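# Chain and residue survey
Residue-level listing of the chains:
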Amino acid sequence: MAGARQAQQWLLTLLPAFPVLLLVLRLWQLSQQDMSTMLLLVQYVSPLGLLSALLIALVWAFPVVVLTFGVLGRLLRLSAPDRFDPERSLLASGTARTPGWVISAAVALGALTWQLRFLPSLLMLGLWLLALRTRYLHPDQPMRILFVSVALPLAAAVLAYSVLGPAIWTAYREGELATAALLAVPPAATLLLTGPIPDWIAPTLTHGLAFTVAAVLPVVMGAVFLRVPVLPTAAIEVLPKHTTETATPSPTTSPTPASTFPAASAGTAARDGTAEGGREVVLGALITVTDTSTIVLDRTAAVRFLPNDWVESQVLCPQAAAVPYSLVSVGGWPVEETALDWMMPRRPVVDPDVRCEGRLPGAG
């Protein structure tokens, strides 16, 4: 049986490949599975921009990993100390090597980056960790154990229900059963794992849950990141320049570079908006601007090379705000917002630029 040290070496070797795999899959999905388009994106897209998008989109995953595996490892150590072997179990090795300040940092980061409906779960995990750690470090102090394992979780549950009670009832009344469960179940469940479980089931339960989380979490992270924009959305107003003798070559389009501009305009007229004289608005993801061309990935995943002297104007289109799914809020705080969203100043509401809707200025 491979030891924990060998498994840890494999984990440290493969772990850096996971973000790279996510970034490649995101570009592959953005290019609509066209290799030439993906290679162009790889050439021009900033790695720092991709990593920034990855970090912002998946920052919530760090508290999930640290707190979940921390609870499972400490539960194993307390319930079956004879099976807690850091030399043979990766879960035990990670628990023994994780300092307390990492747990505290994970709780603080989760409080800032998790949506409100997940904060009761964060409270539950934090109190579980505190109770399990206290039982392990101070087994000869029953009053301290009683306070941390019973009194504190009970007081936290009473406080949580006093604050979340109206929101739980609203979620149940509106048919949002998942939101109601996320708000109602964790405070009561805090009392369940503040102590050891039977030693005969502890190794199987903790390792089974650890393997399940390790298998499911990367899939969830990938699904979340594949929906994150990694290129700025821009609306570019284009006016083709023609002469009386010869027509200027059209902006090439990938993956069909032989197409001409009139054909491309006919295909995008209904989508981007055109006017007499060939003026149109090209709406899509801005890849880069070279000395000769502005390169855009339009809504059909076709790469368009727009000559710079054809570009009349361009505007950066802000990302559309997500449509709220839940009507539930706690004291005016929507359950789908994080503490960071709630604390940060709101973006001022302004009239959207018509070009970001694919229409020309002044067009009806």
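Along its length, the protein carries 13 helices and eight strands. Across the 364 residues in the protein, those meeting the buried criterion constitute 40%. Looking at the protein alone, contacts between residues at least 24 apart form 71% of all its contacts between residues at least 6 apart. Of the roughly 20,400 Å² that the protein leaves accessible, carbon and sulfur atoms contribute 67%.

On to the packing of helix H2 (residues 17-30) against helix H4 (residues 47-58), then. Orientation of H2 relative to H4, taken along the N-to-C sense of each, is 105°, at an axis distance of 11 Å. Here H2 is positioned roughly perpendicular relative to H4, judged by the angle of their axes. Touching Pro-19, Leu-22, Leu-23 and Leu-27 of H2 are Leu-50, Leu-51, Leu-54 and Leu-58, all from H4. Class assignment for the residues of the contact of H2 with H4 results in eight nonpolar, no polar and no charged.

On to the nonpolar core. Among the nonpolar cores identified, the biggest contains 64 residues, and Leu-41, Leu-58, Leu-67, Phe-225, Val-230, Leu-231 and Ile-287 are the most heavily contacted of them. Considering each element in turn, this core owes the most residues, eight residues, to helix H5 (residues 61-79). Beyond its immediate chain neighbours, meaning those up to four positions away, Phe-225 contacts Leu-22, Leu-23, Arg-26, Leu-50, Ala-53, Leu-54, Ala-57, Leu-58 and Val-230. Formed by nine residues, the second largest nonpolar core is a distinct cluster that contains Ala-234, Val-238, Leu-306 and Trp-310.

Right, let's talk about unusual backbone geometry for a bit. A positive phi angle, near 60°, is found at Gln-33, a position not held by glycine. Under the relative-accessibility criterion, Gln-33 is labelled partly exposed at 45%. Despite not being glycine, Ala-301 shows a phi value in the positive range, around 65°. Structurally, Ala-301 is set in the loop between strand S4 (293-298) and strand S5 (303-307). Residue Ala-301 is classed as buried on the basis of its relative accessible area, which comes to 8%.

Once that is clear, we can look at the pattern of salt bridges. Two side chains with opposite charge may pair up if their charged atoms get near one another. Taken as a whole and assessed by the stated rule, the structure comprises three salt bridges. Residue Arg-279 is joined to Glu-237 by a salt bridge in which the shortest nitrogen-to-oxygen separation is 3.0 Å. Separated by 42 residues along the polypeptide, Arg-279 in the loop between helix H12 (261-272) and strand S3 (280-289) and Glu-237 in strand S1 (residues 233-238) bring together distant segments of the chain. What makes Arg-279 partly exposed here is its relative accessible area of 25%. Judged by relative accessible area, Glu-237 falls into the buried class, the value being 10%.

Counting buried positions over the six residues of S4 gives six, a clear majority of the element. Of the two faces of S4, both are covered, the one formed by Ser-293, Ile-295 and Leu-297 as well as the one formed by Thr-294, Val-296 and Asp-298. The antiparallel hairpin formed by S3 and S4 contains three residues in its connecting segment. Relative to S5, S4 is paired through five bridges, and the arrangement is antiparallel. When the sheet's bridge partners are listed, Ser-293 is paired in S5 with Pro-307. Connecting S4 to the antiparallel partner S5 that follows it, the hairpin turn spans four residues, and Ala-301 within it adopts a positive phi of roughly 65°.

Taken together, the side chains of Leu-112, Leu-340, Trp-342, Met-343 and Met-344 define a hydrophobic patch exposed on the protein surface, amounting to about 470 Å² of accessible area. Among the elements that line the nonpolar patch, the one with the most residues is helix H13 (residues 339-343), at three residues. Residue position: Leu-340 is located in helix H13. A relative accessible area of 30% means that Leu-340 is categorised as partly exposed.

Attention now moves to the state of the cysteines. Inspection of every chain in the model, using the stated rule, returns one disulfide. Disulfide partner of Cys-317: Cys-356, at an S-S distance of 2.1 Å. Given an S-S torsion of about -95°, the disulfide between Cys-317 and Cys-356 has left-handed geometry. Residue Cys-317 is located in the loop between strand S6 (311-316) and strand S7 (329-330), and its partner Cys-356 is located in the segment after H13; the two are separated by 39 residues in the primary sequence.

Turning our eyes to something else, we now look at the confidence of the model for the protein. For the protein, per-residue confidence averages 83 on the pLDDT scale, and residues scoring 70 or more make up 84% of the total. When the criterion is pLDDT under 50, residues 255-276 qualifies, and its contacts beyond four places in sequence or with other chains add up to 39 contacts.

Looking at helix H6 (residues 90-97), one finds that the buried residues are Leu-91, Ala-92, Ser-93 and Thr-95. Two or three places before Leu-91, at the opening of H6, Ser-89 has a side-chain oxygen 3.4 Å from that residue's backbone nitrogen.

Now for the packing of aromatic side chains. Under the counting rule described, the total for this entry stands at one aromatic pair. If you follow Arg-77 out to its NZ or CZ, it ends over the ring of Tyr-136, 3.9 Å from the centre.

So, how was this worked out
Residues numbered from 1 in each chain as written. Predicted model: local features only at pLDDT ≥ 70, side-chain atom pairs only at ≥ 80, totals over all residues. Heavy atoms only, no water. Helix = DSSP H or I, 4+ residues; strand = E, 2+ residues; numbered from the N terminus. Buried < 20%, exposed > 50% of the residue type's maximum accessible area, 1.4 Å probe, protein only. Contact = heavy atoms within 4.5 Å. Areas by Shrake-Rupley, 256 points an atom, 1.4 Å probe, with all protein chains shown as cover. Axes fitted to C-alpha atoms, helices over the stretch in contact; angles between N-to-C directions. Parallel < 35°, antiparallel > 145°, perpendicular 65-115°, else oblique. Nonpolar A, V, L, I, M, F, W, Y, C, P; charged D, E, K, R; others polar. Core = buried A, V, L, I, M, F, W, Y, C linked by side-chain atoms within 4.5 Å. Salt bridge = Lys/Arg side-chain N within 4 Å of Asp/Glu carboxyl O. Pairing = 2+ DSSP bridges. Patch = residues over 30% accessible without salt bridge, like charges linked within 9 Å, V, L, I, M, F, W, Y side chains within 5 Å. Disulfide = S-S within 2.5 Å. pLDDT = per-residue confidence, 0-100. Polar contact = N/O pair within 3.5 Å; in protein donor to acceptor, adjacent residues only side chain to side chain. Phe/Tyr/Trp six-rings, centres within 6.5 Å; stacked < 30°, edge-to-face > 60°. Lys NZ or Arg CZ within 6 Å of the ring centre and 35° of its normal.

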